[in-house]
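Now for the letters of each chain:
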Amino acid sequence: MNVAYVFTSPRAASYKLGLMILPQLEAGTHGVDVAGMFFFDDNVFALRRGDPIGERLAKVAQARGMLLMMCDMCALERGLAEGEPRWCDSKGRGRKEPGECRVKDTVAGVQVGCFPDLYAALAGNMPDQIITL
């Protein structure tokens, strides 16, 4: 089975990922393949350069070809991206062409985007299930 995780709850990345999922991935005992992970709100802080969870996760992701993506608006608001929102303007109106947004000070391999970017990135490795934590 192929899954993707979406981290939305407070402490989902530091607790559920850091103390449960990541150790299982590192040990090879998680039981499913993970296509990718998408991070919202303060969960994006786990992807900061130098964060112990993020650094470990980046190694696992690189070895397994796993997508690591953080919400563009969440990352911009928290200083982990620079530029502008990808799919809406500064007034919250949708746009037809994506804005330029780049990661800043994150662990290796992290991407920044919104749902259209997530769908496109997972298209070649579509998960059977998406789990929101």
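Residues numbered from 1 in each chain as written. Predicted model: local features only at pLDDT ≥ 70, side-chain atom pairs only at ≥ 80, totals over all residues. Heavy atoms only, no water.

Enquirer: Requested: an account of the overall build of the chain, with residues and values cited.
Expert: When helices and strands are counted, the chain shows 4 helices and 7 strands. Reading the helices (α) and strands (β) of the chain from amino to carboxyl end gives β-α-β-α-β-α-β-β-β-α-β. For the chain, the C-alpha radius of gyration of 14 Å lies close to 14 Å, the compact-globule estimate for 133 residues. Along the first, second and third principal axes, the C-alpha set of the chain runs to 45 × 30 × 25 Å. Residues counted as buried form 43% of the 133 residues belonging to the chain. Taking the contacts inside the chain whose residues are at least 6 apart along the sequence as the reference set, 69% of them involve residues at least 24 apart. Positive and negative charge centroids in the chain, built from 15 and 16 side chains respectively, lie 3 Å apart. (Helix = DSSP H or I, 4+ residues; strand = E, 2+ residues; numbered from the N terminus. Rg over C-alpha atoms; globule rule 2.2 N^0.38 Å. Buried < 20%, exposed > 50% of the residue type's maximum accessible area, 1.4 Å probe, protein only. Contact = heavy atoms within 4.5 Å. Lys, Arg positive; Asp, Glu negative; His and termini not counted. Charge placed at Lys NZ, Arg CZ, Asp CG, Glu CD.)

Enquirer: Give a detailed account of the pattern of salt bridges, specifying residues and quantitative values.
Expert: Evaluated as defined, the whole model comprises 10 salt bridges. One salt bridge in this structure joins Asp51 and Arg48, with 4.0 Å as the shortest N-O distance. Exposure remark for Arg48: the relative accessible area of 37% places this residue in the partly exposed category. Between Asp117 and Arg86 there is a salt bridge, and its shortest N-O distance comes to 2.7 Å. Of this pair, Asp117 sits in helix H4 (residues 115–122) while Arg86 is found in the loop between strand E4 (81–83) and strand E5 (101–103), placing the two residues 31 residues apart along the sequence. Its relative accessible area of 12% is what places Asp117 among the buried residues. In this structure, a network of salt bridges that share partners links the residues Asp42, Glu77 and Arg78. (Salt bridge = Lys/Arg side-chain N within 4 Å of Asp/Glu carboxyl O.)

Enquirer: Which residues make up helix H2 (residues 52–64), and what are the values?
Expert: The end-to-end C-alpha distance of H2 is 19 Å, a good match for the 18 Å that 13 residues give at a rise of 1.5 Å each. By the burial criterion, the buried members of H2 are Ile53, Gly54, Leu57, Ala58, Val60 and Ala61. Those residues of H2 that are buried lie in contact with helix H1 (12–27), strand E2 (33–39) and strand E3 (67–71). Between the side-chain oxygen of the N-cap and the backbone nitrogen of Ile53 there are 3.0 Å, and the N-cap of H2 in question is Asp51. Gly65 lies just past H2 and shows a positive phi near 70°. (Expected span 1.5 Å × (residues − 1). Polar contact = N/O pair within 3.5 Å; in protein donor to acceptor, adjacent residues only side chain to side chain.)

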